[in-house]
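Structural overview for review
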Amino acid sequence: MGGSSLPLPSAELAARVGTVEGADPLEFYLAEGARLRRVIESLLPEDWDWENKQVLDFGCGSARVLRHFEQEALGGRFWGCDIDEPSIRWAESKLSPPFQFFGNGLVPPLKLPVRTLDLIWAMSVFTHITDQWSAWLLEMHRVLAPGGILIASFLGEGMWAPLVGEPYVEDEVGMTVLHHWEGPDAWVFHSEWWLREHWGRAYEVLTVQDPPRGPDGTPEITHSYVALRRRELKLTPAQLERVDPIPGELAALQTSLRLARREMGDLHQQLAPTSGAGFLRRRLERLSGSTKASRR
């Protein structure tokens, strides 16, 4: 298996970059990295070659995917970056060379000059970026060379029903965030039309790869993927975020609001198991007691 000759991280570090399953978590870690390499290559233009390429694995963790490009890195420059300091320290000490690594923050910029890269991939990254998604998309745009490619995974139809617990309706899903309070571990879902409408303002959408479907038409429980090419224009985060008055946008906002209310209700049940009426009564009693005390 490609990448298996390089040092392996601990099981703990391997799990920081994604789920590890089975009796041997590192075997799964290697297999998943190899699978994602195949996904990336399947989304690249037909005339793509790796010679002298400048590449970034954005959100590389302990180099689960990057390690499978050992040979290509000998003829180019392959970077990895992540917010997880232990993963970056390990990768720098064990996998550099042939790769190069640096840490990044929760907000841009990256430690790279303008128009440097031919390719960026972001596996399980925009699936967790909530408020800073537009800033990060424009940071990718800044460091990509003209014609540069961005490949990203996203939570689409394959992950909606298992995680949200209801049927997926494409026209009613835009960008939906669940578990927002968990910060970098929040769940961020995207529909294809929303990606084309918003991400497509800065990038040409080349390919959208949906999960495979079973005989009954049910999608496999896995991520979707999008490949984009940098457009030659300049935009602001506000321009990417702008909501135009089209039916899908309104339906998506209604879905987000409904699910946010559902999550608030679930949290209330966990934090205050008594009824809502009981909660309000206690709140009024505390306010009444404070008022009486202030009058003494």
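Positions within a chain are numbered from 1, following the residues in the order the chain's sequence is written. Whole-chain, interface and lining totals are the exception, using all residues; otherwise, since this is a predicted model, local features are given only for residues with pLDDT of at least 70 and side-chain atom pairs are given and counted only at 80 or more. To obtain the side-chain values, all non-hydrogen atoms of the structure were included, while hydrogens and water were left out.

**A word on the overall build of the protein**
As a reminder of what qualifies: Numbering of helices and strands starts at the N terminus; helices are DSSP runs of H or I of at least 4 residues and strands are runs of E of at least 2. To sort residues, take the accessible area from a 1.4 Å probe on protein chains only and compare it with the maximum for the residue type: under 20% means buried, over 50% means exposed, and anything in between is partly exposed. Only heavy atoms matter for contacts: two residues are in contact if any of them lie within 4.5 Å across the pair. The convention is simple: Lys and Arg are positive, Asp and Glu are negative, and His and the chain ends are not counted. Note that the charge is assigned to NZ on lysines, CZ on arginines, CG on aspartates and CD on glutamates.
Within the protein, the secondary structure is distributed over 10 helices and nine strands. C-alpha atoms of the protein, sized along the principal axes, occupy 80 × 50 × 45 Å. Split into buried and exposed, the 296 residues of the protein put 45% on the buried side. A fraction of 70% describes how many contacts in the protein between residues 6 or more apart in sequence connect residues 24 or more apart. For the protein, the distance from the average position of its 31 positive side-chain charges to the average position of its 40 negative side-chain charges is 10 Å.

**Side note on the side chain of Asp 82**
What counts is decided by this rule: For this analysis, a salt bridge means a side-chain nitrogen from Lys or Arg found within 4 Å of a carboxyl oxygen belonging to Asp or Glu. Under this definition, polar contacts are N or O atom pairs within 3.5 Å; protein pairs additionally need one hydrogen-donor-capable and one acceptor-capable atom, and for neighbouring residues in sequence, both atoms have to be side-chain atoms.
Mapped onto the fold, Asp 82 is located in strand 2 (residues 77-82). Buried Asp 82, no salt bridge; nearest opposite-charge side chain is Arg 16, N-O distance 8.0 Å. Only 3.3 Å separates the side chain of Asp 82 from the backbone nitrogen of Cys 60, close enough to count as a polar contact. Among the polar contacts made by the side chain of Asp 82, one reaches the main-chain amide nitrogen of Asp 84 at a distance of 2.8 Å. Once residues within four sequence positions are removed from consideration, Asp 82 is found in contact with Gly 59, Cys 60, Gly 61, Ile 88, Phe 102, Gly 103 and Asn 104.

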